[in-house]
Amino acid sequence: MTPNTEPGRPKILAVVPARKGSKGLPKKNMRVLNGNPLIWWTLRSALDSKALSKIVVSTDWTEVAELAESLGIEVPELRPPELSSDVASSVQVVLDVMRREERRGNSYDLVVLLEPTAPLRRTSDI
């Protein structure tokens, strides 16, 4: 990924939440769709975007973390159990990532949530 670091442009953090559990379709984020895992489509669109400064995957699943890291996407640490349940909200996950980024000295002007269950998202949509 070539991050957007041009002076004067907003710093944009993309958060991709991908937990292992799913009530409706177990392990859905790694199910193959047209030759690649479902989450791959979101990660590829994010990587191709010229707008994003950083992409972070928040997951509790080592398989997703390994895929993201193989693409050069950061997975700072596995998501804690309290943010991996079916009652944890995406907002809670984004806030957790933002707090972790702030502790690392990183700040952003905008944060975008890229759900892995939207494989038809185009890079131009980002």
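Refer to the structure above for everything that follows.
Criteria and thresholds
- Residues numbered from 1 in each chain as written.
- Predicted model: local features only at pLDDT ≥ 70, side-chain atom pairs only at ≥ 80, totals over all residues.
- Heavy atoms only, no water.
- Pairing = 2+ DSSP bridges.
- Helix = DSSP H or I, 4+ residues; strand = E, 2+ residues; numbered from the N terminus.
- Axes fitted to C-alpha atoms, helices over the stretch in contact; angles between N-to-C directions.
- Buried < 20%, exposed > 50% of the residue type's maximum accessible area, 1.4 Å probe, protein only.
- Polar contact = N/O pair within 3.5 Å; in protein donor to acceptor, adjacent residues only side chain to side chain.
- Phe/Tyr/Trp six-rings, centres within 6.5 Å; stacked < 30°, edge-to-face > 60°.
- Lys NZ or Arg CZ within 6 Å of the ring centre and 35° of its normal.
- 1 Å grid on protein atoms, 1.4 Å probe; cavity = no way out; pocket = protein on both sides within 12 Å on 5 of 7 lines; lining within 4 Å.
- Points joined across faces, edges and corners; volume = space filled by probe spheres on them.
- Nonpolar A, V, L, I, M, F, W, Y, C, P; charged D, E, K, R; others polar.

Quick look at the sheet that holds strand β4 (residues 54–59) now. Sheets are built from strands paired through backbone hydrogen bonds, the pairs being either parallel or antiparallel. Read from one edge to the other, the open sheet built from three strands follows the order β4-β1-β5, with strand pairing classed as parallel. The sheet terminates laterally at β4 and β5 (110–113), the two strands that pair on one side only. Ignoring which end each strand starts from, the neighbouring axes of this sheet average 25 degrees apart. As defined by bridge partners, strand β1 (residues 12–18) adjoins β4 across six bridges and the pair is classed as parallel.

Bringing the side chain of K54 into the picture now. The topology assignment puts K54 in strand β4. You can call K54 buried: its relative accessible area is 15%. Engagement of the side chain of K54 in a polar contact is seen with the side chain of E101, the distance being 3.0 Å.

In the Ramachandran plot, K27 falls in the positive-phi region, its phi being about 55 degrees despite a non-glycine side chain. When you line up the elements, K27 lands in the loop between β1 and β2 (32–33). Using a relative accessible area of 45% as the deciding quantity, one classes K27 as partly exposed.

Moving on, we come to the packing of aromatic side chains. Under the criterion given, the structure shown has one aromatic pair. Relative to W41, the ring of W40 lies with its centre 4.8 Å away and its plane at 90 degrees, an arrangement referred to as edge-to-face. We classify W40 as buried; its relative accessible area is 18%. A cation sits over an aromatic face here: K11 above Y108, 5.1 Å from the ring centre.

Moving on, we come to empty space enclosed by the protein. Per the counting criterion, the structure on display carries one cavity of 30 Å³ or more. When its volume is computed, the largest cavity comes out at roughly 80 Å³. Lining the largest cavity are V56, V57, S58, T59, P76, E77, L78, R79, P80, D96, V97 and R100. Broken down by secondary-structure element, the contributors of at least two residues to the lining of the largest cavity are β4 and α3 (90–103). With four residues, β4 is the single largest residue contributor to the lining of the largest cavity. Among the residues making up the lining of the largest cavity, the classes are represented as six nonpolar, two polar and four charged.

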